[in-house]
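# Fold and contact review
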Amino acid sequence: MNLKSALRAFLIGVSASASMAHAQTVPLTIETDRPGAKIDRQIFGQFAEHLGRGVYEGVWVGPDSSIPNTRGIRNDVVAALRELRVPNVRWPGGCFADEYHWRNGIGPLAERPATLNPNWGGVIEPNSFGTHEFLDFVQQIGAEAYISVNVGSGTPQEAADWFEYMTTAQPTALAKQRAANGHPQPYGISFMGIGNESWGCGGSMTPEEYAAQLRIYARYTRNYNAEHPTRKIAVGPDGANTGYTEAVMKAWKERNWSWDIDGLSLHYYTVGAGWPPKFAATGFGVQEYATLIDYTLRMNDLLRTHGAIMDKYDPEKKIALVVDEWGAWLAPTPGSKEGFLEQQNSVRDAIIAALNINIFARHAERVRMANVAQMVNVLQAMILTDRDKLVLTPSYHVFRMYVPFQDATLLPVKFDAGTYANGSIKLPRIDAIAARGKDDKTWLAITNIDPTGPAQLELTTRARRAAGQILSAPTVDSVNTFEAPATVAPKSFEAKSSGNRISLKLPPHSVAVIELEP
Ligand code: AHR
């Protein structure tokens, strides 16, 4: 065979196998009689750091702004976030948390000091959005508060004072100060982060150094609001590094009566190889798409690795693995300010969101909380704003479509994922999770990872109808813009059963969430 005919034979083989793969119907069954763990709604948490335009402009415009607001907080952003039923918001950072001094952010706005934000662009931090504004914001969107205290540059006393200020009902000097600042009732704080990335921007501590700090902070930073318990979350691993997992879990195992924690944090971003992040947020093709999906799927191995170490010290799974920073971290939008971490959000990011949520759900016994980074205008954002304009990203739509999975009970799904290959990268063609919702309905979420063709699925079910929404897009890099906000928007669809089977066809690179109606 000469080179030309060999190439022709190869190409015929590729297209034949590709079209066979597309033509192949994938059987899928939900094992409704084998309910699993509860998918904790907290895995749909958000993260809002004082970084770039995430808080200032994205959430806070101030009470005097011409942008419609309630006590300084944007009404349009609040309305959009309410649709997501955001369970919790992590604040004030991130790296910012370990340089944040809470006393700068209370009292009359005009008297608050201007400080610096050296981590993120070295800009002025006006401190206009402080404790009361954050707690007002979470109350407006119906979420719980996750507050990270400053371990890096603060003191145990400063952190203890902050929690006393927020949570005590006793007439202490700090409670009186809180009342004078407009909130006589104690606040309820659901989660306390004890530092952030103490292995890096939070103080470059060895695992043992951090464990020593953890014992002190976990002891003295107290919640005084007995009606609203606070769960404490320790700093844990950076991606695949297991040092913090071992050291913190060992310290916890050997703890005495004087301190305790409830969670261990893991940070893992979908970056691709190298640093700083260089994968483009727009204008990319299937090769870059496949590479980043491959990196995202590594989350599963991380959860397995860290989960196995945690099992060693905590077989009863008392300590939650809390993935409180995850998402795509891409090259910044050209022309955006350095350190502001602004990036567009494509249907690829929506798929990254769906795949991560699916992975968290499958690890529901251990992974009981997660926070996507970040909520508005930063990294894998739900919402982008430009002055008074707002656009919902493809990732936002995934979070909204997945609302029925909040606190639902996982149901096993049997299917053959198949393979989508791009060069040496091999990915599953499809991914799926199912659950029995709190509404007692059966829900199925399917992602067609394959960007080259539709996925044809055949669901064996007693349901008579499947109805739901599909998020798809013309190309893998399709985005929503202020000018064209609905390029990537969910569309309703339904399918009827025929002889215990429902056929579903998912467009390439798409996500569907479906209710199975009896
Ligand atoms: O989300 C941006 C930054 O990423 C956070 O501040 C930090 O914790 C992480 O490295």
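Bear in mind that the values here come from a model prediction, so they are computed numbers and not experimental data. (Residues numbered from 1 in each chain as written. Predicted model: local features only at pLDDT ≥ 70, side-chain atom pairs only at ≥ 80, totals over all residues. Heavy atoms only, no water.)

### So, the sheet that holds strand β2 (residues 45-47)
- In spatial order, the strands read β2-β5-β8-β9-β10-β11-β12-β13; together these 8 strands close into a barrel with parallel pairing. Averaged over all adjacent pairs, the angle separating strand axes in this sheet is 30°, with direction ignored.
- Looking at chain direction, strand β10 (residues 231-234) and strand β11 (residues 263-270) are connected through 2 bridges and run parallel. If you follow I233 over to β11, its bridge partner there is G263.
- Contacting β5 (88-91) and β8 (144-149), helix α3 (residues 131-141) runs over the sheet at an angle of about 150° to β8. (Pairing = 2+ DSSP bridges. Helix = DSSP H or I, 4+ residues; strand = E, 2+ residues; numbered from the N terminus. Axes fitted to C-alpha atoms, helices over the stretch in contact; angles between N-to-C directions. Contact = heavy atoms within 4.5 Å.)

### Description of the nonpolar core
- Residues V89, F134, F137, Y402 and F405 are the most contacted members of the largest nonpolar core, which totals 131 residues.
- Of the residues that make up this core, three or more belong to each of domain 1 (24-36 + 411-517) and domain 2 (40-407).
- Once residues within four sequence positions are removed from consideration, V89 is found in contact with Q46, A48, F134, F137, V138, I141, A143, E144, A145, Y146 and M375.
- Judged by nonpolar contacts, the second largest core, of 23 residues, contains V26, A432, I514 and L516. (Core = buried A, V, L, I, M, F, W, Y, C linked by side-chain atoms within 4.5 Å. Buried < 20%, exposed > 50% of the residue type's maximum accessible area, 1.4 Å probe, protein only. Domains from an automatic or database assignment.)

### Let's talk about the state of the cysteines
- Taken as a whole, this structure holds 1 disulfide when the rule is applied.
- In this model C95 forms its disulfide with C201; the gap between the sulfur atoms is 2.2 Å. What sets the handedness of the C95 and C201 disulfide is the S-S torsion sign, and at about -90° it is left-handed. Here C95, found in the loop between β5 and β6 (115-117), pairs with C201, found in the loop between β9 (191-194) and α6 (207-220); they are 106 residues apart in sequence, far enough to count as distant. (Disulfide = S-S within 2.5 Å.)

### Thoughts on the packing of aromatic side chains
- Taken as a whole, this structure holds 18 aromatic pairs when the rule is applied.
- Seen in terms of ring centroids, W91 and Y100 are 5.7 Å apart; in terms of plane orientation they differ by 70°. Their pairing is edge-to-face. Each member of the pair, W91 as well as Y100, is classed as buried.
- Above the plane of the ring of F284 lies R348, whose end atom (NZ or CZ) is 3.6 Å from the centre.
- One cation-aromatic arrangement involves K389 over F482; the distance from NZ or CZ to the ring centre is 5.6 Å. (Phe/Tyr/Trp six-rings, centres within 6.5 Å; stacked < 30°, edge-to-face > 60°. Lys NZ or Arg CZ within 6 Å of the ring centre and 35° of its normal.)

### Digging into the domain arrangement of the protein chain
- As far as domains go, the protein chain holds domain 1 (24-36 + 411-517) and domain 2 (40-407).
- For domain 1 versus domain 2, the distance between C-alpha centres works out to 30 Å.
- Contacts between the two partners involve 40 residues from domain 1, matched on the other side by 43 residues from domain 2.
- Carbon and sulfur atoms supply 71% of the area buried between domain 1 and domain 2, which totals about 3200 Å² over both sides.
- Inspection of the domain 1/domain 2 interface yields 9 residue pairs in polar contact (both at pLDDT 80 or more).
- A breakdown of the residues in the side of domain 1 that touches domain 2 according to their chemical character gives 26 nonpolar, 11 polar and 3 charged. (Buried area = accessible area lost by both parts, 1.4 Å probe. Polar contact = N/O pair within 3.5 Å; in protein donor to acceptor, adjacent residues only side chain to side chain. Nonpolar A, V, L, I, M, F, W, Y, C, P; charged D, E, K, R; others polar.)

### Some points on the packing of helix α4 (residues 156-167) against helix α5 (residues 173-180)
- One can describe the packing of α4 onto α5 by two numbers: an axis separation of 8 Å at closest approach and a directional angle of 55°. Classified by the angle their axes make, α4 and α5 are oblique. In this structure, the crossing between α4 and α5 has a hand that is right-handed. On α5, the residues touching D161, E164, Y165, M166 and T167 of α4 are L174, Q177 and R178.
- For the contact of α4 with α5, the residue count by class is 3 nonpolar, 2 polar and 3 charged. (Parallel < 35°, antiparallel > 145°, perpendicular 65-115°, else oblique. Left-handed = near helix turned anticlockwise from the far one by under 90°.)

### Focus: the sheet that holds strand β25 (residues 501-506)
- Here we have 4 strands laid out as an open sheet, ordered β17-β1-β22-β25, and mixed in their pairing. Of all the strands in the sheet, the pair left with one neighbour each is β17 (413-415) and β25. On average, adjacent strands in this sheet sit at an angle of 25° to one another, irrespective of strand direction.
- In terms of strand pairing, strand β1 (residues 25-30) meets strand β22 (residues 455-460) through 5 bridges, oriented parallel. Along β22, the bridge assignment pairs T25 with Q456.

### Describing the pattern of salt bridges
- Under the defined criterion, the tally for this structure stands at 28 salt bridges.
- Taken together, the shared-partner salt bridges in this structure form one network comprising D311, D314, K317 and R366. (Salt bridge = Lys/Arg side-chain N within 4 Å of Asp/Glu carboxyl O.)

### Focus: the site of the ligand
- Near the ligand you find 13 residues, and of these E49, C95, E197, Y269 and E325 are the closest.
- A distance of 2.8 Å separates an oxygen atom of the ligand from a polar side-chain atom of E197.
- E325 has a polar side-chain atom sitting 2.7 Å from an oxygen atom of the ligand.
- In the shell around the ligand, the residues fall into 7 nonpolar, 3 polar and 3 charged. (Near = heavy atom within 4 Å.)

### Description of the side chain of T296
- As for its placement among the helices and strands, T296 is situated in helix α8 (residues 286-313).
- Residue contacts for T296: discarding those within four places in its chain leaves Y268, T270, I352, L355, N356 and I359.

### Here we look at the pairing of strand β20 (residues 430-436)
- For β20, the buried fraction is high: 6 of the 7 residues fall into the buried class.
- Pairing geometry for strand β16 (residues 409-411) and β20, over 3 bridges, is antiparallel. Bridge assignment links T409 to a residue of β20, and that residue is R436.
- Inspection of the sheet shows β20 paired to strand β21 (residues 442-448) by 7 bridges, in the antiparallel sense. If you follow A435 over to β21, its bridge partner there is W443.
- From the end of β20 to the start of β21, which pair antiparallel, there are 5 residues, and D440 there has a positive phi angle of about 70°.

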